[in-house]
Amino acid sequence: MKIAIIGGGVAAFEAAKTVRSLSNEAEITIYSREETLPYRRPALSRMASETLSDAQFYIKPESFYAENRIDLKLSHTLNAIDTANRTLQFNTGESAIYDKLLLAVGSHCFCPPIPGMDLNGVMSLREYSDLQKLRMRLDSGVRNVTVIGGGLLGLELSESLLKRNCLVTVIEGCPNLLPRNLDAEAAEIVLEMFGKVENLTLRFGRTVDSIEGKAGKVVGVNLANGTIPAELVMVSAGVRANTEIAASGQIKCNRGIVVDKFMRTSASDVYAAGDCAEVDAVSYGLYDAARNMGEIAAHNMLGEEKAFVFQPFPARLSVFGVKLFSVGKLSGEHSKTTYDPKAGTLKKLFYDANKVFVGAILIGDLREAPKLQAELAPQRA
Ligand SMILES: Cc1cc2nc3c(=O)[nH]c(=O)nc-3n(C[C@H](O)[C@H](O)[C@H](O)COP(=O)(O)OP(=O)(O)OC[C@H]3O[C@@H](n4cnc5c(N)ncnc54)[C@H](O)[C@@H]3O)c2cc1C
């Protein structure tokens, strides 16, 4: 059986690994448009300021693919799918046929339609090639950087930029810090902690009107109440699933490639997993979810029915010396807060009207995180 897996991220990797663990005969090919071995994408933010070893960065060394008879074709972009004839066309001019196809093509950074987005010096960080470009900018001595978007990724990136001696301004449209990961009380506490960080300015509840340029290069960011000087603008305003390639093959897409709980798309023998997939109207955009979906897709491609079970995948962040963890629903009829300002720790538990535990936030001391996560999982969608 020919199994074609498109994408070089964790969903693709996990699918290939799982297929091989279940079948000695399957012919497995991964096609990735990136030039690098599959790597741990979340590490990209840290790598703007740190050097990681290959073992820390790559999911597995090159030898793994040969040992497991996984044909890894890098620099291969899938350009077209013909689901009727089970044929794939690549940018290299090559074509391939499949018995089962997995689309694990991830997502891309959303760039809000702001005037000036096309200026030299406006970037986002999604792939290793973006990191290389960012490092070159930082090496050239960039000092003033504006980060558009104060979510988890924007904050992680800001920390790296501070380590590279940049003056960083984060602009976030929402009035609260990390609205998806903290409630208003916890956000207030964390904001106070972050407020003490040198060379970091956080501006919440503000939107960027336009990006100012001179001779095609970024020179500033215009807000309603003035301009912030900037030589580099990093856009970290959320992600959108890569659906174009599926849609061009008449596969049903919504915000993501629509899959059922077995990761099956609307096309026969075509599956999708990871950031590109939408299951029960949810696109997770999380590393653990992508890995889990890759594994589930592998089982189903081999005819073993295995369903994806909704899980409250947690959010974790460790920036500016503050550790955060949140999981589940961050609101409820009842809540219990334990806050120690001296120790810089907070534990907040949320309960529904029936006093059932539905979510948690931890700040500072995350030792209870695995226990709280286990108490919430699994819930069926
Ligand atoms: C900087 C950064 C930090 C992050 N931090 C966290 C974190 O702390 N916690 C967390 O849970 N998540 C984090 N994430 C999100 C997490 O990395 C993703 O959820 C996860 O990588 C999704 O895996 P995936 O395999 O579905 O897709 P991806 O990792 O995006 O991989 C998709 C692959 O498909 C390739 N591709 C796309 N189109 C084609 C095509 N047509 N042909 C061939 N190949 C194609 C892409 O080049 C890419 O290699 C972070 C992401 C970034 C960018």
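Residues numbered from 1 in each chain as written. Predicted model: local features only at pLDDT ≥ 70, side-chain atom pairs only at ≥ 80, totals over all residues. Heavy atoms only, no water.

This part is about the sheet that holds strand 24 (residues 345–351). Spatial strand order, 21-22-25-24-23: 5 strands in an open sheet with antiparallel pairing. In this open sheet, the two strands that pair with only one neighbour each are strand 21 (315–319) and strand 23 (334–340). Neighbour-to-neighbour, the strand axes of the sheet open up by a mean angle of 5°, direction not taken into account. Sheet topology places strand 24 next to strand 25 (residues 357–363); 6 bridges connect them, and they run antiparallel. Paired with leucine 349 across the strands is alanine 360, a residue of strand 25. Running at roughly 10° to strand 25, helix 7 (residues 184–194) makes contact with strand 21, strand 22 (322–328), strand 23, strand 24 and strand 25 of the sheet. (Pairing = 2+ DSSP bridges. Helix = DSSP H or I, 4+ residues; strand = E, 2+ residues; numbered from the N terminus. Axes fitted to C-alpha atoms, helices over the stretch in contact; angles between N-to-C directions. Contact = heavy atoms within 4.5 Å.)

Moving on to the pattern of salt bridges. Per the counting criterion, the structure on display carries 20 salt bridges. Across the pair glutamate 34 and arginine 41 runs a salt bridge, and its minimum N-O distance is 3.0 Å. Arginine 41 shares its class with glutamate 34; the two are buried. Of the charged contacts in the structure, one is a salt bridge between glutamate 368 and lysine 347, with a shortest N-O distance of 3.0 Å. Placement of glutamate 368 in the loop between strand 25 and helix 10 (369–376) and of lysine 347 in strand 24 is noted, with a sequence separation of 21 residues between them. Shared partners join several salt bridges into a network, and the residues in it are Lys347, Glu368, Lys371 and Glu375. (Salt bridge = Lys/Arg side-chain N within 4 Å of Asp/Glu carboxyl O. Buried < 20%, exposed > 50% of the residue type's maximum accessible area, 1.4 Å probe, protein only.)

In this section: the domain arrangement of the protein. By domain assignment, the protein separates into domain 1 (2–108 + 239–301), domain 2 (122–235) and domain 3 (315–376). Of all residues in domain 1, the largest losses of buried area upon contact with domain 2 belong to Leu44, Ser45 and Ala48, amounting jointly to 36% of the total for that side. Linking domain 1 to domain 2 there are 3 salt bridges. Run the count over domain 1 and domain 2 and you get 11 residue pairs in polar contact (both at pLDDT 80 or more). Sorting the residues of the side of domain 1 that touches domain 2 by element identifies helix 2 (43–47) and strand 8 (107–109) as the ones contributing at least two each. Residue contributions to the side of domain 1 that touches domain 2 peak at 4 residues, all from helix 2. (Domains from an automatic or database assignment. Buried area = accessible area lost by both parts, 1.4 Å probe. Polar contact = N/O pair within 3.5 Å; in protein donor to acceptor, adjacent residues only side chain to side chain.)

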